[in-house]
Amino acid sequence: MIYFNKILPILVSPMGFVILLLLLGIFRRKIMMSLSAIIIFVMLSLPIVSNFLVGELEKNYTLFSVNKLKKADVVVVLSGMVRTIQGDDGLYYEFGEAVDRIQAGINIIKSNKANLMILTRGKLPWSVGVPEGEFLAKFAIENGISSKNIALTREVQNTDDEAKAIKEMLQSTDGTMILVTSAFHMPRAMRVFENQGLDVTPYPVDFLKGAGKLDVLDFFPTAAAFSRSNFFVREIIGRLYYSLKY
């Protein structure tokens, strides 16, 4: 199932659609198909377009101080911020953009907004090295969090697994929980966690759309912008999937 969940968004993404149109245009010798593919590619490669799409994913959330949170029983930090690197003497682990997730979890514990931080042992079938949560636990300890204030789930592969694993760990669903994940991912995560009967307060971080003025460069296509447009479609598919499932 995990392979299906990863492959389907690629097939129906703008990239997949553009490639399909180009191939049809070439083999059927239809100039309009090829031209349409080029136009779609250029439009989705414009920063002004991709920034708008990313903003739509995050529009229901804003960044706010940890101090404004009400105290909860636990804080849950979802995986998805670490990549494994092959070094000259073994495996190393580096953070990606979503490092804000674990930093927020640490801040929440240090601010006494929760007594326990739950980390998820995220690991995909093709992953190597330790599950992500184990690396994050060591990182949190190195940054001043006691091991007594950290708990780890069983191994999980996606958000649905994470929610189910955390519910299994808790003795009841009566407790309160702060959920930390990226802003774009929060709507999907909230749906899944609330479906498990958990009382969740969202704490979104890792916002992709930054503050700034419109610039002339926003009207020039870039590979990064096209990547974000693809990312938008992938996230929408994920939300649709969980909307149908729950």
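Given the structure is predicted, the values throughout are model-derived calculations rather than measurements. (Residues numbered from 1 in each chain as written. Predicted model: local features only at pLDDT ≥ 70, side-chain atom pairs only at ≥ 80, totals over all residues. Heavy atoms only, no water.)

**Focus on the overall build of the chain**
Thinking step 1. Helix and strand counts for the chain come out as nine helices and seven strands.
Thinking step 2. By residue count, 41% of the 246 residues in the chain fall in the buried class.
Thinking step 3. Taken as a whole, the chain presents about 13700 Å² of accessible surface, with 59% of it coming from carbon and sulfur. (Helix = DSSP H or I, 4+ residues; strand = E, 2+ residues; numbered from the N terminus. Buried < 20%, exposed > 50% of the residue type's maximum accessible area, 1.4 Å probe, protein only. Areas by Shrake-Rupley, 256 points an atom, 1.4 Å probe, with all protein chains shown as cover.)

**As for the nonpolar core**
Thinking step 1. Judged by nonpolar contacts, the single largest core of 27 residues is most densely connected at Val-75, Ile-102, Ile-108, Met-117, Val-180 and Tyr-203.
Thinking step 2. In contact with Met-117, not counting residues within four places along its chain, are Val-75, Val-77, Ile-102, Gly-105, Ile-106, Ile-109, Ala-140, Asn-149, Ile-150 and Ala-151.
Thinking step 3. With 18 residues, the next largest nonpolar core counts Leu-78, Ala-151, Ala-163 and Leu-198 among its residues. (Core = buried A, V, L, I, M, F, W, Y, C linked by side-chain atoms within 4.5 Å. Contact = heavy atoms within 4.5 Å.)

**Some thoughts on the sheet that holds strand S5 (residues 150-156)**
Thinking step 1. Strand order in the open sheet formed by five strands is S5-S4-S1-S6-S7, with parallel pairing between adjacent strands. Looking at strand neighbours, the two that pair on one side only are S5 and strand S7 (199-205), the edges of this open sheet. Sheet twist, expressed as the mean angle between neighbouring strand axes with direction ignored, is 25°.
Thinking step 2. Strands in contact with helix H6 (residues 132-142) are strand S4 (116-122) and S5; relative to S4, the strand with the most contacts, it is inclined by about 145°.
Thinking step 3. Each of strand S1 (74-77), strand S6 (176-182) and S7 touches helix H8 (residues 186-195); the most contacted strand, S6, lies at about 150° to it. (Pairing = 2+ DSSP bridges. Axes fitted to C-alpha atoms, helices over the stretch in contact; angles between N-to-C directions.)

**Some thoughts on the layout of surface pockets**
Thinking step 1. The computed volume of the second largest pocket comes to approximately 320 Å³.
Thinking step 2. Taken together, 17 residues line the second largest pocket, and the ones lying closest to its centre are Pro-47, Asn-51, Lys-209, Gly-210 and Asp-218.
Thinking step 3. When contributions to the lining of the second largest pocket are tallied by element, the ones reaching two or more residues are helix H4 (47-58) and helix H9 (223-245).
Thinking step 4. Broken down by element, the lining of the second largest pocket gets its largest block of residues, five residues, from H4. (1 Å grid on protein atoms, 1.4 Å probe; cavity = no way out; pocket = protein on both sides within 12 Å on 5 of 7 lines; lining within 4 Å. Points joined across faces, edges and corners; volume = space filled by probe spheres on them.)

**Considering the pairing of S4**
Thinking step 1. With four bridges joining them, S1 and S4 adopt parallel strand pairing. Note that in S4 the partner of Val-74 across the bridge is Leu-116.
Thinking step 2. Alignment of S4 against S5, held across five bridges, turns out to be parallel. The residue bridging Arg-121 from the neighbouring strand is Glu-155, located in S5.
Thinking step 3. In this view, the connection linking S4 to its parallel neighbour S5 by way of H6 has right-handed handedness. (Right-handed = clockwise from strand over helix to strand, strands pointing away.)

**Remarks on the packing of H8 against H9**
The description of two helices packed together rests on the angle between their axes and the distance between the axes.
Thinking step 1. Following both chains from N to C, one finds H8 and H9 inclined at 15°, their axes separated by 9 Å at the closest point. On the basis of the axis angle, H8 is roughly parallel to H9. Here H8 runs over H9; the crossing is left-handed. Only Glu-235, Gly-238, Arg-239, Tyr-242 and Ser-243 of H9 make contact with H8, whose side of the interface consists of Pro-187, Arg-188, Arg-191 and Val-192.
Thinking step 2. Its residues placed into classes, the contact of H8 with H9 shows three nonpolar, two polar and four charged. (Parallel < 35°, antiparallel > 145°, perpendicular 65-115°, else oblique. Left-handed = near helix turned anticlockwise from the far one by under 90°. Nonpolar A, V, L, I, M, F, W, Y, C, P; charged D, E, K, R; others polar.)

**So, unusual backbone geometry**
Most of the time, phi is negative for any residue but glycine, and the peptide bond is trans.
Thinking step 1. The backbone phi angle of Asn-112 is positive, close to 60°, even though this residue is not glycine.
Thinking step 2. By relative accessible area, which is 45% here, Asn-112 ends up partly exposed.
Thinking step 3. Positive phi values are uncommon outside glycine, yet Asp-206 reaches one of about 55°.
Thinking step 4. Assignment of secondary structure puts Asp-206 in the loop between S7 and H9.

**Here's the deal with the packing of aromatic side chains**
Thinking step 1. Summed over all chains, the structure comprises seven aromatic pairs.
Thinking step 2. With centroids separated by 4.6 Å and ring planes inclined at 80°, the aromatic side chains of Phe-184 and Phe-231 adopt a geometry described as edge-to-face. Pair noted here: Phe-184 is in the loop between S6 and H8 and Phe-231 is in helix H9, with a separation of 47 residues, a long-range link. Comparing Phe-184 with Phe-231, the two get one shared label, buried.
Thinking step 3. A network of ring pairs unites the aromatic residues Tyr-93, Phe-95, Phe-135 and Phe-139 as a single cluster. (Phe/Tyr/Trp six-rings, centres within 6.5 Å; stacked < 30°, edge-to-face > 60°.)

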